[in-house]
Amino acid sequence: MTYKKNYIESIRKELVDIVQRELTPLAHKYRYSQSPLEENIKWRPMVLVLGNYSSGKSTLINELLGMEVQRTGQAPTDDSFTVIAKSDRDGPNVGEIEEKDGKVLLNDDQYPFSALRRHGQRFSSHFRLKKVQSSFLDNLVLIDTPGMVDSIAERDRGYNYQEVVGDLAGIADLILILFDPHKAGTIKETYESLRSTLPRSTYEDRVVFVLNRVDECTNLNDLLRVYGTLCWNLSQMTGRKDIPLIHLTWSPEVMGPQANADNQDFLNLLENQRNSLKRDISNAPRHRLDHLATYVEEHGRRLEHLLEALASYAVLRRRFRLKMWSFGIIISLIAGLASFGILTQLGVLGAASYEILAGSGLAVAVVIYFVWAAFVRYFLADGQHRTTLLDLDRLTPLDNQERRDTWDQVKDLAYAYLDRQKGEVNLRRIKRDLKKVKEVAQSASRDARKALGELETLREDDIRGLQVDH
Ligand SMILES: Nc1nc2c(ncn2[C@@H]2O[C@H](COP(=O)(O)OP(=O)(O)OP(=O)(O)O)[C@@H](O)[C@H]2O)c(=O)[nH]1
Ligand SMILES: [Mg+2]
């Protein structure tokens, strides 16, 4: 297991390194991203815990940490997003909680949250960091969130909850969504914000549904009714008939007096579910690798698309210049020949030598060429640039949904770049950079996926040895 963790860690570092060394400079160069691309992936793997209020998020977190870090209670208890990470201080300060406010998280670039600054002051006062000594946090970070309460409108919170959740989900490696028997639904908006943030390919892998507090179901029938309601709600949200795996769990430590013989029967059957949930959570580092590979692929693809568009613009620009240049040569030649012809016709030849007339024809041709070149430069070139900018969709093929999606992400960036450069783009350099992005993104994601494949086989051995970390 330790070997496996070290292996994941070394591959993770390698990937972050490649992104930092190879992709970020290009992303900056083409203004694809203001912040370093590795910023989102350089920190420890993250587990985001979402769910209705009082669904037991904080209780589960305390249980994982083996200490009371988060406040718990029956009414909506917590209105903050709390990042819980391992304290970097050594020593026997178990149980000590070091707390920092949201500004530190948002402004210190060792943390991957700078993008959340856009949610403003109200959000930053509801964002905090707690550092604790718990071995559970050796390889991951937990994020507790305010419970979802239907009656709270966005304006009451003072920041856009959906967007904050979307941003956090984008960088989290595992997302738990907790329900409880009393509120087995009502997360449509959150679901939608996840759907729009997470790449389609990793959605299934990254989201874990949990029906918590099942000890409060009075008997098996009650549990089935609650489970059925949740399935119905989930399929309403997802628009799909197949139901994702739902962990049915409860916390024996806080189980109320309602436990009785009727529910003890099914609780016995579900006993191992809490462990499997914990195992899933401690597997977040593996998800991180997957996440990293997808991250590199996604950004690689977008950056590629951006560069393809710029290259295609540069080709159009070059073609336009060539056309204008050839046209200029033709009209100046015609003008030169015509003036030579006219001068000859007028009988000037008698007065001046043939060479002088030819020289005047050439001078006319040169003057006409420069006038044309200036005209192209100051009037036509800008027109061509503007017309191309108006129809950027034509620059690259958009023949499938994936291409249209990536284009949606980079179209404005392409516009901004070309607008700023005023059409001055270097085709050769762009082509060289495009080749590099392709190579780096492909090889990095291939290595990560290969490592993941190897880990799957390693996992078998671990299971055979029945070694579970936490
Ligand atoms: N019976 C039972 N009660 C639970 C369980 N998990 C949590 N509780 C109780 O439910 C209440 C709410 O738990 P919290 O952990 O505060 O829930 P939360 O999701 O963090 O709530 P907010 O922070 O308000 O969103 C507390 O009183 C817990 O003791 C469980 O598995 N079974
Ligand atoms: Mg809570």
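Rules behind the numbers
- Residues numbered from 1 in each chain as written.
- Chains lettered and ligands numbered in written order.
- Predicted model: local features only at pLDDT ≥ 70, side-chain atom pairs only at ≥ 80, totals over all residues.
- Heavy atoms only, no water.
- Core = buried A, V, L, I, M, F, W, Y, C linked by side-chain atoms within 4.5 Å.
- Buried < 20%, exposed > 50% of the residue type's maximum accessible area, 1.4 Å probe, protein only.
- Contact = heavy atoms within 4.5 Å.
- Helix = DSSP H or I, 4+ residues; strand = E, 2+ residues; numbered from the N terminus.
- Polar contact = N/O pair within 3.5 Å; in protein donor to acceptor, adjacent residues only side chain to side chain.
- Axes fitted to C-alpha atoms, helices over the stretch in contact; angles between N-to-C directions.
- Parallel < 35°, antiparallel > 145°, perpendicular 65-115°, else oblique.
- Nonpolar A, V, L, I, M, F, W, Y, C, P; charged D, E, K, R; others polar.
- Phe/Tyr/Trp six-rings, centres within 6.5 Å; stacked < 30°, edge-to-face > 60°.
- Near = heavy atom within 4 Å.
- Areas by Shrake-Rupley, 256 points an atom, 1.4 Å probe, with all protein chains shown as cover.
- Pairing = 2+ DSSP bridges.
- Salt bridge = Lys/Arg side-chain N within 4 Å of Asp/Glu carboxyl O.
- Expected span 1.5 Å × (residues − 1).
- Bend = angle between axes of the 7 residues up to and from the residue.

K.L.:
Where do I start with the nonpolar core in this structure?
P.N.:
Nonpolar side chains in soluble globular proteins tend to end up buried together. Phe81, Val83 and Phe113 are the most contacted members of the largest nonpolar core, which has 47 residues in total. Beyond its immediate sequence surroundings of up to four residues, Val83 is in contact with Trp43, Leu105, Phe113, Phe127, Arg128, Leu129, Lys130, Val141, Leu142 and Ile143. Residues Ile18, Leu37, Leu395 and Val437 belong to the second largest nonpolar core, which totals 46 residues.

K.L.:
Can you walk me through the side chain of Lys130 in this structure?
P.N.:
Along the chain, Lys130 falls in strand β4 (residues 127-132). A distance of 2.9 Å separates a polar side-chain atom of Lys130 from the backbone oxygen of Val69.

K.L.:
In this structure, what is going on with the packing of helix α13 (residues 354-390) against helix α14 (residues 401-421)? I would like to understand it.
P.N.:
When two helices pack together, their arrangement is given by the angle between the helix axes and the distance between those axes. Remark: α13 packs on α14, axes separated minimally by 11 Å, with the N-to-C direction vectors making an angle of 175°. As judged from the angle between their axes, α13 and α14 are roughly antiparallel. Every residue of α14 that contacts α13 at His385, Arg386 and Leu389 is listed here: Tyr415, Leu418 and Asp419. In terms of residue class, the contact of α13 with α14 is built from three nonpolar, one polar and two charged.

K.L.:
Could you clarify how one ought to interpret the packing of aromatic side chains in this entry?
P.N.:
The description of an aromatic ring pair uses the distance of the two centres, along with the angle that the planes make with each other. The final tally for this structure, using the stated rule, is 14 aromatic pairs. Consider the rings of Trp43 and Tyr111, whose centres lie 5.1 Å apart with planes at 85°: the pair is edge-to-face. Taken together, the residues span a long stretch of sequence, with Trp43 in the loop between α1 (2-29) and β1 (46-51) and Tyr111 in the loop between α3 (102-107) and α4 (120-124) at a distance of 68 residues. Given the relative accessible area of 2%, Tyr111 is considered buried.

K.L.:
In this structure, what is going on with the site of ligand 1? I would like to understand it.
P.N.:
Near ligand 1 there are 25 residues, and of these Lys57, Thr59, Thr77, Asp215 and Ser251 occur at the shortest range. Ser55 places a main-chain nitrogen or oxygen 3.1 Å from an oxygen atom of ligand 1. Protein coverage of the free-state accessible area of ligand 1, which is 650 Å², stands at 94%. Partitioning the shell around ligand 1 into residue classes produces six nonpolar, 14 polar and five charged.

K.L.:
What am I meant to see in the pairing of strand β7 (residues 207-211) here?
P.N.:
As a general feature of sheets, a regular strand has side chains that alternate between the two faces. For β7, the tally of buried residues reaches five of five residues, placing the bulk of the element in the interior. Burial along β7 is two-sided: Val207, Phe209 and Leu211 facing one way and Val208 and Val210 facing the other are all buried. Bridge count for strand β6 (residues 174-179) against β7 is five bridges, and the pairing is parallel. If you follow Phe179 over to β7, its bridge partner there is Leu211. The sheet contact formed by β7 and strand β8 (residues 246-248) spans three bridges and is parallel. The residue of β8 that forms the bridge with Leu211 is Leu248.

K.L.:
I keep staring at the pattern of salt bridges and nothing clicks. Help me out?
P.N.:
Think of it this way: side chains of opposite charge can pair up when their charged atoms draw near. On inspection of all chains with the given rule, the structure shows 25 salt bridges. Among the ionic pairs, Glu22 bridges to Lys436, the shortest N-O distance being 3.4 Å. You can see Glu22 sitting in helix α1 and its partner Lys436 sitting in helix α15 (residues 427-464), a full 414 residues away along the chain. Close ionic contact of Glu402 with Arg301 constitutes a salt bridge, the shortest N to O distance being 3.5 Å.

K.L.:
How do you make sense of the environment of Ala381 when you look at a structure like this?
P.N.:
Within the fold, Ala381 resides in helix α13. Judged by relative accessible area, Ala381 falls into the buried class, the value being 12%. Considering only alpha carbons, one finds Ala381 and Arg317, 64 residues apart in sequence, at a separation of 8.7 Å. Ignoring any residue separated from it by four or fewer positions in sequence, one finds Ala381 in contact with Arg317, Phe320 and Val376.

K.L.:
Even after reading the chapter, I still don't get the sheet that holds β4, so can you show me in this structure?
P.N.:
In sheet architecture, strand pairing relies on hydrogen bonds along the backbone and comes in two forms, parallel and antiparallel. Taken in spatial order, the eight strands line up as β3-β4-β2-β5-β1-β6-β7-β8 in an open sheet, and their pairing is mixed. Pairing within the sheet leaves two strands with one partner each, and these edge strands are β3 (97-101) and β8. The average undirected angle you get between the axes of adjacent strands in this sheet is 25°. Pairing between β3 and β4: five bridges, direction antiparallel. Bridged to Ile97 within β4 is Val132. Its contacts with the sheet put helix α11 (residues 271-282) on β1, β5 (141-144), β6, β7 and β8, and the angle it makes with β8 is roughly 130°.

K.L.:
When you look at α13 in this model, what are you seeing that I'm missing?
P.N.:
For an α-helix the count is 3.6 residues per turn, leaving residues at separations of three or four pointing the same way. With 37 residues, α13 extends 51 Å between its outermost C-alpha atoms, agreeing within 8% with the 54 Å of an ideal straight helix rising 1.5 Å per residue. The largest bend in α13 amounts to roughly 45° and is located at Val376. Looking at the buried residues of α13, the elements they touch are α12 (284-345) and α14.

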